[in-house]
Structure formats: structure tokens, C-alpha cells
Amino acid sequence: MSEASWVERPSVGAKHVRVFLREITAELPAGSRVLDAGCGPGSWNYAETPDLRIDGFDVLPIRPPKPWQDGVQWFRGDLARLPIRDHVYDALLVHYVFEHVTEPAASADECRRVLKPGGLLYVSVPRAAAFDDRFYRFAGYFAKYALLKFGKRIEHQQR
């Protein structure tokens, strides 16, 4: 899709920090081993980064859509207890995940453990005062108590 003639993408200077996931993944060196934590159907379009070796996982059985490209693997796992050796990944992307975890300290420890020394850790979470965060909380409590689904897990565990 081409951009309109009046649209100009912002340029990122040498001293600016990359904040968008697509910018970060685009700049990872070819062959980088990347862990996409809590990926659901994929935190980004993996086809845009064919030179990365990507492992994605989620606590739910939600896999990225097939066909997968070479170098993409998926497993079901819990961020607080990863079945991975120490210091495996060049980059660990935790995109909108920490608000869902029930054990944030153990999850943070696991992130540090599986990331190579000097590796890139990207963490993003929704702003607690934002509409979508408030909506997730409201919907969870509504389902749990108003609809009498007492086994329902509240999605956003953390702020």
C-alpha cells in the first residue's frame, strides 16, 4: 500500500530511541535468535523479518498463523517458568504481556535468565489509565461476578 503524497514518515536520528516494535525488529541483525513472549497469534508479522530465528510462545494454545517461514518455532509455555537453557536469546520481546502475568517477579527473572548478556529486552505494557486497560478489568469483573463465572480469570492482573 503506497502512502499519500502528503504523508511523511518520521525519521529516527542516531540519538533517538526506537520505541515501536516494528522498528526494533527491523534493526535486529540477521540470524538473531528472538523470543516472542506471550505472542498469541504473533506480536508482529514474522514474514517482515525473514532473517531472524524466532521462537514464540504463549500460555494459551494460540499459535501464529501458518504457513510459518523457516526459522520460526512455537511452543506453549509460562513466562514465569520457561523450559529454556540460560542465555539463549539475542533479543526478548515482551509486548503487552506483563499486565497478564500472575508472577511478575518470577517472569522478570526468567527474562533475564534466557537473554544473552548484552541482549535486547523490549517490554511494553498498556497505560493503566487507558480505556482498553480499564475495559479489560471491567469486562473481567463483570464476567466473573455479574455473569456468575467465578472461575473466570481477570485478564489484566497487573497495572
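Scroll up to find the structure this text is about.
Just so it is clear, the model here is predicted, and its values are computed rather than measured.

(A) Quick peek at the overall build of the protein. Within the protein one finds three helices and five strands. Counting from the amino terminus, the protein carries its helices and strands in the arrangement α-β-β-β-β-α-β-α. Taking all 159 residues of the protein together, the buried fraction comes to 35%. Intrachain contacts of the protein at a sequence separation of at least 6 include 49% that bridge at least 24 residues. A total accessible area of about 10,400 Å² is found for the protein, and carbon and sulfur atoms account for 57% of it.

(B) Quick look at the packing of aromatic side chains. What the rule picks out here adds up to two aromatic pairs. Their ring planes at 75° and their centres at 4.8 Å tell us that Trp44 and Tyr46 sit as a pair that is edge-to-face. The same class applies to Trp44 and to Tyr46, which are both buried. For the pair Phe57 and Phe75, a centre-to-centre distance of 5.2 Å together with 15° between the ring planes defines the contact as stacked. One end of the pair, Phe57, is in strand β2 (residues 53-58); the other, Phe75, is in strand β3 (residues 72-76), and 18 residues separate them in sequence.

(C) Structural context of helix α2 (residues 104-114). The complete set of buried residues in α2 reads Ser107, Glu110, Cys111 and Val114. One side of α2 holds all its buried residues, which, seen down the axis, span an arc of 105°. More than 90 degrees from the buried face of α2, the exposed residues found are Ala105, Asp109 and Arg112. In this fold, the buried residues of α2 make contact with β1 (33-37), β4 (89-95) and β5 (115-124).

(D) Summary view of the pattern of salt bridges. All chains considered together, the criterion is met by six salt bridges. When the shortest N-O distance is used, the salt bridge between Arg113 and Asp86 registers 2.7 Å. Remark: Asp86 occurs in the loop between β3 and β4 and Arg113 occurs in helix α2; sequence separation between them is 27 residues. Lys116 serves as the salt-bridge partner of Asp90, at 3.1 Å between the closest nitrogen and oxygen. Taken as a pair, Asp90 in strand β4 and Lys116 in strand β5 lie far apart in primary sequence, 26 residues in all. Take Asp90: its relative accessible area is 25%, and that puts it in the partly exposed class. Relative accessible area serves as the criterion here: at 31%, Lys116 is assigned to the partly exposed category. Each of Asp78, Arg81 and Glu103 takes part in one network of salt bridges that share partners.

The rules behind each value
- Residues numbered from 1 in each chain as written.
- Predicted model: local features only at pLDDT ≥ 70, side-chain atom pairs only at ≥ 80, totals over all residues.
- Heavy atoms only, no water.
- Helix = DSSP H or I, 4+ residues; strand = E, 2+ residues; numbered from the N terminus.
- Buried < 20%, exposed > 50% of the residue type's maximum accessible area, 1.4 Å probe, protein only.
- Contact = heavy atoms within 4.5 Å.
- Areas by Shrake-Rupley, 256 points an atom, 1.4 Å probe, with all protein chains shown as cover.
- Phe/Tyr/Trp six-rings, centres within 6.5 Å; stacked < 30°, edge-to-face > 60°.
- Arc of directions from axis to C-beta.
- Salt bridge = Lys/Arg side-chain N within 4 Å of Asp/Glu carboxyl O.

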